[in-house]
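Read off the chains here:
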Amino acid sequence: MTKTVTEEAKVTGKTSAASGTMKFTTPQTTLAGAVDRVLNVVPQKTTMPVLGHILLEAEGSQVKITATDLDLSICTTIEATVAKEGSVTLPAKRFSEIVRQLDSNADVNLDVNKANALITAGRANFRILGMGAEEFPKVPNLVFKKGVTIPGDTLRKAIQRTSYCVSKDETRRALTGVLWELSKDSMAMVGTDGHRLARISVPVEISVEKQTTCIVPTKALNQVMRLVGEGVDDTVSVKLAEDHVIFRFEKTTLFTRLIEGPFPKYEDVIPKGNDKRVIVKRDAFLDALRRVALLSDNLTHQVRVAVKPDTMTLSARTQDIGEAQEELEAQYGGDEIVMGFNAQYLGELLRNVSTEDALLSLSSPLNAGLVEPVEQGEDENYLCLIMPLRLVD
């Protein structure tokens, strides 16, 4: 994907000091935490060996550590005693394994000469061969002056409750990311793979000039969720541009290219007339579903869900293997309805319902069902959609 990159993310290849030489000292816990922070961005398989490396740049009293897979880049800084400014790339996995195993009470000294890195801590020492910083891909300059601020917990919750629904099918590129909608007083996220859908809308005061919509890759959002989960920042600064988005934390910045749409018009598939409303204890439903699914078909994972007044019955039958059935109490007073669902999909939806009771809204065996919390937070709106499976007697 080739596009003009905006001013906030201009591509730069400059390094602040000599490539292939460097010397600094920093606590093991500081270095290990920083390397771990960027490691998940490093691609596991690549035709460019240098992408399996991380870039280290020492300048002043800081060391900057960068990883990229070309679409996603992450940069974090740590405090260090820098004896010689410079830069180098080191094999990410090997370097991470070494640093992680060093004494957590020791200082780590990294001395690099001609991309040959000597790592010492206490009585332990390792020597590994890196590459010059000029070999590392040019990454965006991740500094920006203006952006919107979003509470970290709010962002993490929205990602967590939608990203599990995205597609893994690369031929449907738009569905491999999460749709993100931002307006002045709220934000919404939507994930779908065509078989299920999760949408959350939460109130948040952000200063966007106009309503903005983009599709963010799941890999980037997973990294955001990890960084928020470290509990360092209460808020996250976000800069949205035409073809990329930047997330800035206290000492870490994440850049990702956006996925080109169009995203399906998801509003059109959310049913409005599901009048058969069933309330059931979420944990009991999950436990029963897990047990019954043991005898479901290995391909379809189909579980039969039958609802009649005050009762829900889950059952599964697989030819030549056997069958399972379990009854649950349910709050329901309508006509009996029987539907088939993929047990894995239904279970994931239920696990993301945070309330004690779950609400199922159904209409007919061939129409999509909705799963929601019985009680929503103030101005919060979370719903999940699941497509039924055709029942085979």
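Fair warning: this is a prediction, and the values are worked out from it, not measured in the lab.

Visitor: Give me the overall build of the protein: which residues, what numbers.
Guide: Tallying secondary structure elements over the protein gives 6 helices and 26 strands in all. Expressed along its principal axes, the backbone C-alpha trace of the protein runs to roughly 75 × 50 × 35 Å. The long-range fraction of contacts in the protein, counting pairs at least 24 apart against all pairs at least 6 apart in sequence, stands at 69%. About 19,700 Å² of surface is accessible on the protein, with carbon and sulfur atoms providing 45% of the total.

Visitor: Got a sec to walk through the confidence of the model for the protein? Specific residues and values, please.
Guide: Low pLDDT marks regions whose predicted coordinates should not be analysed in detail. With 93% of its residues at a pLDDT of 70 or more, the protein has an overall mean of 91. Note on residues 1–16: pLDDT is under 50 here. Beyond four places in sequence and across chains, it has 39 contacts.

Visitor: Tell me what's going on with the pattern of salt bridges, and back it up with residues and numbers.
Guide: Two side chains that carry opposite charge are able to pair once their charged atoms sit near each other. Summed over the entire model, instances satisfying the criterion amount to 12 salt bridges. Of the charged contacts in the structure, one is a salt bridge between Glu57 and Lys64, with a shortest N-O distance of 3.8 Å. Residues Arg290 and Asp287 are paired through a salt bridge, measuring 2.5 Å at the closest nitrogen-oxygen approach. Of this pair, Arg290 and Asp287 both sit in helix α5 (residues 282–292), 3 residues apart, which is roughly one turn of that helix. Look at the salt bridges and you will find they share partners, linking Asp193, Arg196 and Glu348 into a network.

Visitor: Requested: an account of helix α6 (residues 343–351), with residues and values cited.
Guide: Taken together, the buried positions of α6 are Ala343, Leu346, Gly347, Leu349 and Leu350. Take α6 and look down its axis: the buried residues cluster within an arc of 160°, on one side only. Next to the buried residues of α6 lie α5, β20 (302–308), β23 (337–342), β24 (357–362), β25 (369–373) and β26 (381–386). Near the N-terminus of α6, the side chain that reaches the backbone nitrogen of Gln344, with its oxygen 2.9 Å away, is that of Asn342.

Visitor: Talk me through the nonpolar core; I want residue IDs and the actual numbers.
Guide: Within the largest apolar cluster, 102 residues are counted, with the highest numbers of intra-cluster contacts made by Phe95, Trp180 and Phe247. Per-element tally for this core: the top contributor is helix α4 (residues 218–229), with 6 residues. With residues up to four places along the chain from it excluded, the contact list for Phe247 reads Leu155, Trp180, Leu221, Val224, Val236, Ser237, Val238, Thr252, Thr253, Leu254 and Thr256.

Visitor: Lay out unusual backbone geometry in plain terms, naming residues and giving numbers.
Guide: Backbone torsion omega between Gly261 and Pro262 reads 5°, so that peptide bond is classified as cis. One non-glycine residue with positive phi stands out, namely Lys114, at about 55°. Take Lys114: it is sitting in the loop between β7 (107–113) and β8 (116–121). Phi is positive for Ala115, close to 65°, though the residue is something other than glycine. Turning to its location among the elements, Ala115 is positioned in the loop between β7 and β8. For Ala115, a relative accessible area of 8% gives the class buried.

Visitor: Help me get a handle on the sheet that holds β8, residues and values and all.
Guide: Strand order across the open sheet formed by 12 strands is β9-β8-β7-β2-β6-β3-β4-β5-β18-β17-β16-β11, with antiparallel pairing between neighbours. In this open sheet, the two strands that pair with only one neighbour each are β9 (124–129) and β11 (148–151). Strand-to-strand, the axes of this sheet are offset by a mean angle of 20°, without reference to chain direction. Bridge count for β8 against β9 is 6 bridges, and the pairing is antiparallel. Along β9, the bridge assignment pairs Thr120 with Asn125. Across the sheet, helix α1 (residues 28–39) is in contact with β2 (21–27), β3 (53–59), β4 (62–68), β5 (72–79), β7 and β18 (252–257); its angle to β5 comes to roughly 170°.

Visitor: So, the environment of Pro27: which residues are in play, and what are the values?
Guide: Looking at the element boundaries, Pro27 is found in strand β2. For the pair formed by Pro27 and Ser104, sequence separation is 77 residues and the distance between their alpha carbons is 7.8 Å. Not counting residues within four places of it along the chain, the set of residues in contact with Pro27 comprises Ala106 and Asp107.

Visitor: Could you give an account of the sheet that holds β23, naming the residues involved and the relevant values?
Guide: Read across the sheet, 4 strands follow the order β22-β21-β20-β23 without closing on themselves; strand pairing throughout is antiparallel. The sheet is open, and its two edges are formed by β22 (322–329) and β23, each paired on a single side. Strand-to-strand twist of the sheet, defined as the mean angle between neighbouring strand axes without regard to direction, takes the value 20°. For strand β21 (residues 311–318) and β22, the ladder comprises 8 bridges, and the chain directions are antiparallel. Along β22, the bridge assignment pairs Met312 with Leu328. Here α5 sits on the sheet in contact with β20, β21 and β22, set at roughly 170° to β22.

Parameters at a glance
- Residues numbered from 1 in each chain as written.
- Predicted model: local features only at pLDDT ≥ 70, side-chain atom pairs only at ≥ 80, totals over all residues.
- Heavy atoms only, no water.
- Helix = DSSP H or I, 4+ residues; strand = E, 2+ residues; numbered from the N terminus.
- Contact = heavy atoms within 4.5 Å.
- Areas by Shrake-Rupley, 256 points an atom, 1.4 Å probe, with all protein chains shown as cover.
- pLDDT = per-residue confidence, 0-100.
- Salt bridge = Lys/Arg side-chain N within 4 Å of Asp/Glu carboxyl O.
- Buried < 20%, exposed > 50% of the residue type's maximum accessible area, 1.4 Å probe, protein only.
- Arc of directions from axis to C-beta.
- Polar contact = N/O pair within 3.5 Å; in protein donor to acceptor, adjacent residues only side chain to side chain.
- Core = buried A, V, L, I, M, F, W, Y, C linked by side-chain atoms within 4.5 Å.
- Pairing = 2+ DSSP bridges.
- Axes fitted to C-alpha atoms, helices over the stretch in contact; angles between N-to-C directions.

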